[in-house]
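Architecture and fold: a report
Residue-level listing of the chains:
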Amino acid sequence: MTEKHIVLEDIDPVVFYGVGNAHLQMLKALYPKLRVMARGNVLRILGDEEQMEAFAQNVERLRSHVLRFNSLAEEDILDIVKGHRTRDEVPDGVVCYTTNGRPIKARSENQQLLVDAFSTHDMVFAVGPAGTGKTYLSIALAVKALKEKTAKRIILSRPAVEAGEKLGFLPGDMKDKIDPYLQPLYDALEDMLPQVKLQDMMEKHQIQIAPLAFMRGRTLNDAVVILDEAQNTTPAQIRMFLTRMGWNTKMIITGDMTQIDLPPKAKSGLVEALHILTGVEGISVIHLGQSDIVRHKLVTRIVNAYEAFDKERASI
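So, here's what we can say about the structure.

What counts, and at which threshold
- Residues numbered from 1 in each chain as written.
- Predicted model: local features only at pLDDT ≥ 70, side-chain atom pairs only at ≥ 80, totals over all residues.
- Heavy atoms only, no water.
- Helix = DSSP H or I, 4+ residues; strand = E, 2+ residues; numbered from the N terminus.
- Buried < 20%, exposed > 50% of the residue type's maximum accessible area, 1.4 Å probe, protein only.
- Polar contact = N/O pair within 3.5 Å; in protein donor to acceptor, adjacent residues only side chain to side chain.
- Contact = heavy atoms within 4.5 Å.
- Pairing = 2+ DSSP bridges.
- Axes fitted to C-alpha atoms, helices over the stretch in contact; angles between N-to-C directions.
- Parallel < 35°, antiparallel > 145°, perpendicular 65-115°, else oblique.
- Left-handed = near helix turned anticlockwise from the far one by under 90°.
- Nonpolar A, V, L, I, M, F, W, Y, C, P; charged D, E, K, R; others polar.
- 1 Å grid on protein atoms, 1.4 Å probe; cavity = no way out; pocket = protein on both sides within 12 Å on 5 of 7 lines; lining within 4 Å.
- Points joined across faces, edges and corners; volume = space filled by probe spheres on them.
- Arc of directions from axis to C-beta.
- Salt bridge = Lys/Arg side-chain N within 4 Å of Asp/Glu carboxyl O.

**A few points about the side chain of N70**
With respect to the helices, strands and loops of the structure, N70 is situated in the loop between α3 (49-69) and α4 (74-81). N70 sits in the buried class, given a relative accessible area of 6%. Engagement of the side chain of N70 in a polar contact is seen with the backbone oxygen of M192, the distance being 2.7 Å. Sequence-distant contacts of N70, defined by excluding residues within four places in its chain, comprise V15, H65, Y97, T98, T99, K147, M192 and P194.

Structure follows, in structure tokens:
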């Protein structure tokens, strides 16, 4: 009797095996002549060599399906074993999928420009008001690159604007003080990667989340690097960040010019960078606006109201 081991790489085995091992039991039923045992992310198969080869090929298709869609249904297992395309395997411009199987894709013309710019440029600036999806879509592009192995790691950063005395009043060590500023990045990742897989990637430093100050002195190779809330950087900080770019690295810099939280007399590094770098070869600047807002419709009304107020105040 022949024996074969299959390692379920890059996926959460819990998703593959199903609730109560329902998916695994279904696979066993579909291959009654094989003896299938699972331990962690390793499948041990005993039986006929020809049947094992067919089983291994289908397991790889199932693994790829889970890697892409973050989900697996009994219908998907049947379709794959029968050699059919699953209901999800239809090209439709999807960047990646959430842990609930929801497709993430561009939902406006400018969001599509951001997706296209990422594939053709090494550095992309995405500038626009709250709710335009610039951070969420950027992280989705990074997750896709990591899954497709076009990048070895994701590095996410934000400036901790109040990194002076106010942080000192927060409880805990430095990580506890900084994490609240980085929580939106954690939220997006948790939406796109199973918790177990995300934790494993962070432990292996395939995904790194750090405040901007921690970027100094580093050269970032083979990575997708995202700087969020760049409007709150100083000119020196953003210059330091942009020059961290290494080989086979893409950078996305996001920001909202209407939410600059720097001291009144401080100049935004993002404003200066856009003035200096616009038109430089290899850099793309995408401007998102009110029509790109994908949050609750009330967000658009709020943005409009504040823009009107700002114009009125400026005219006085």
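**Topic: the sheet that holds strand β10 (residues 250-255)**
Here we have six strands laid out as an open sheet, ordered β8-β7-β9-β10-β6-β11, and parallel in their pairing. Since the sheet does not close on itself, it has two edges, and those belong to β8 (207-211) and β11 (283-287), each with one partner. Neighbouring strand axes in the sheet, compared pairwise and without regard to direction, differ in orientation by 15° on average. Looking at chain direction, strand β7 (residues 153-158) and strand β9 (residues 223-227) are connected through five bridges and run parallel. Residue pairing across strands places I154 opposite V224, the latter belonging to β9. Sitting on the sheet, helix α6 (residues 134-147) is in contact with β6 (123-127), β7, β8, β9 and β10, with an inclination near 165° to β10. Against the sheet, helix α10 (residues 235-242) engages β6, β9 and β10, with an angle of about 155° to β10.

**Let's talk about the packing of α10 against helix α11 (residues 269-277)**
Where α10 meets α11, the axes come as close as 7 Å, and the angle between the chain directions of the two elements is 60°. In terms of orientation, α10 and α11 fall into the oblique class. Once α10 is placed against α11, the crossing between them reads as right-handed. Contacts between α10 and α11 involve P235, I238 and L242 on the former and, on the latter, G269, L270, E272, A273 and L277. Here the residues of the contact of α10 with α11 are counted per class, giving six nonpolar, one polar and one charged.

**What to know about the layout of surface pockets**
Volume-wise, the second largest pocket comes out at about 350 Å³. In this structure, the second largest pocket is lined by 22 residues; those nearest its centre are F118, S119, A145, T150 and K250. Looking at the lining of the second largest pocket, the elements that each hand over two or more residues are β4 (94-97), α5 (109-120), α6 and β9. The element best represented in the lining of the second largest pocket is α5, accounting for four residues. In the lining of the second largest pocket, the residues fall into 11 nonpolar, seven polar and four charged.

**Digging into α11**
For α11, every residue scored as buried is listed here: G269, L270, A273, L274 and L277. On an axial view of α11, the arc spanned by its buried residues comes to 130°, and they lie on one face. Away from its buried face, by an angle of more than 90 degrees, α11 presents the exposed residues H275 and I276. In the core, the buried residues of α11 are packed alongside β6, α10, β10 and β11. The N-capping residue of α11, defined by a side-chain oxygen 3.3 Å from the backbone nitrogen of L270, is S268. Where α11 ends, the next residue or the one after it, G279, has phi of about 95°, a positive value.

**Some points on the pattern of salt bridges**
Counting across every chain of the model gives 10 salt bridges. Among the ionic pairs, E3 bridges to R44, the shortest N-O distance being 2.9 Å. In this pair, E3 sits in strand β1 (residues 2-7) while R44 sits in strand β3 (residues 42-47), placing the two residues 41 residues apart along the sequence. Residue classification places E3 among the partly exposed positions, given a relative accessible area of 39%. The partner of K204 in a salt bridge is D200, and the shortest N-O contact between them spans 3.2 Å. A relative accessible area of 54% places K204 in the exposed class. Each of the salt bridges in this network shares a partner with another, and the network as a whole consists of D10, K149 and K197.

**Focus on the pairing of β4**
Where β4 and strand β5 (residues 103-105) come together, three bridges link them in antiparallel fashion. Bridge pairing in β5 links Y97 to P103. Hairpin connection, β4 to β5: the antiparallel pair is bridged by five residues, and G101 has positive phi, about 85°.

Purely geometric stuff here, so don't read any function into it on its own.
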